[in-house]
Amino acid sequence: MGVTCVSQMPVMEGKNIQQTVDILGKKLEQLGAVKQGTFSVDCETYHTATAAGMGNQGQPSKLMYVMHNSEYPLSCFALFENGLCLVSDVNFDVLMIKLKGFFQNAKGNKMETRGTRYQYCDFLVKVGTVTMGPSARGISVEVDYSPCVVANDCWNLMMEFMQSFMGNHTPGIPSVFSNKHDGVYTQSDTMVQYMELFTKIRKQQPASIGGLR
């Protein structure tokens, strides 16, 4: 793993989510990218049990996001609103069941992105459909540049590559990069980006996304 950028791709005008995903895949293949299996990232939201008991809807005092990434099948990630990310083994899911007196699962809020992995030279690209329950809610694009582990050293190159298939929808530099300076990029930074992406999409109204079917 190198440096990774995670972003949302808007649905193309006159297209739906699946058609936009297919078009992105074709653009990558035209560049010479090769399909390399599939991927998935999921996120479940937990809130403090005391906040749930107060019945203060939509305003929990603390939130925790428990996430999994198919690239790291033996790991589980627990992220907090302040940016703290804890990395554990998959038994953390069992621990959450035992902690139900302190943290309760926010039912119906699970989000997931699934899609295809593409390899192009030193770049690994993952294009996925983001779902919340049974509904498609958006498109995620993850670009990983494996030879580098310092974000500031390779961002311009990554941006140039993303422009080749994302065009005007190429994202700006991720906020997590600003906290790294010349530090080494880690898998936790990728999960923070996915948490931010899921939070952004969750807040969007389905009607504003377009092409859900």
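Our subject in this report is the structure included herewith. (Residues numbered from 1 in each chain as written. Predicted model: local features only at pLDDT ≥ 70, side-chain atom pairs only at ≥ 80, totals over all residues. Heavy atoms only, no water.)

1. Quick word on the pattern of salt bridges
Pairing between side chains of opposite charge can happen when their charged atoms approach one another. Under the criterion given, the structure shown has five salt bridges. Residue Glu 29 pairs with Lys 35 through a salt bridge whose shortest N-O separation is 3.8 Å. Measuring nitrogen to oxygen at the nearest pair gives 2.9 Å for the salt bridge that ties Glu 112 to Arg 114. Judged by its relative accessible area of 51%, Arg 114 is exposed. Residues participating in the shared-partner salt-bridge network are Glu 71, Arg 117, Lys 126 and Glu 142. (Salt bridge = Lys/Arg side-chain N within 4 Å of Asp/Glu carboxyl O. Buried < 20%, exposed > 50% of the residue type's maximum accessible area, 1.4 Å probe, protein only.)

2. Re the packing of helix H1 (residues 17-31) against helix H4 (residues 151-166)
Contact geometry for H1 and H4: axes closest at 9 Å, N-to-C directions at 120 degrees. One element, H1, and the other, H4, form an angle in the oblique class. Taken together, the residues of H4 that come into contact with H1 (itself represented by Leu 24, Lys 27, Leu 28 and Leu 31) are Phe 161, Ser 164 and Phe 165. Residue classes in the contact of H1 with H4 are distributed as five nonpolar, one polar and one charged. (Axes fitted to C-alpha atoms, helices over the stretch in contact; angles between N-to-C directions. Helix = DSSP H or I, 4+ residues; strand = E, 2+ residues; numbered from the N terminus. Parallel < 35°, antiparallel > 145°, perpendicular 65-115°, else oblique. Contact = heavy atoms within 4.5 Å. Nonpolar A, V, L, I, M, F, W, Y, C, P; charged D, E, K, R; others polar.)

3. Focus on unusual backbone geometry
Across residues other than glycine, the phi torsion is negative in most instances, and most of the peptide bonds are trans. Unlike most non-glycine residues, Cys 121 shows phi in positive territory, near 50 degrees. Checked against the element boundaries, Cys 121 lands in the loop between strand S7 (111-120) and strand S8 (123-132). Assessed through its relative accessible area of 59%, Cys 121 is described here as exposed.

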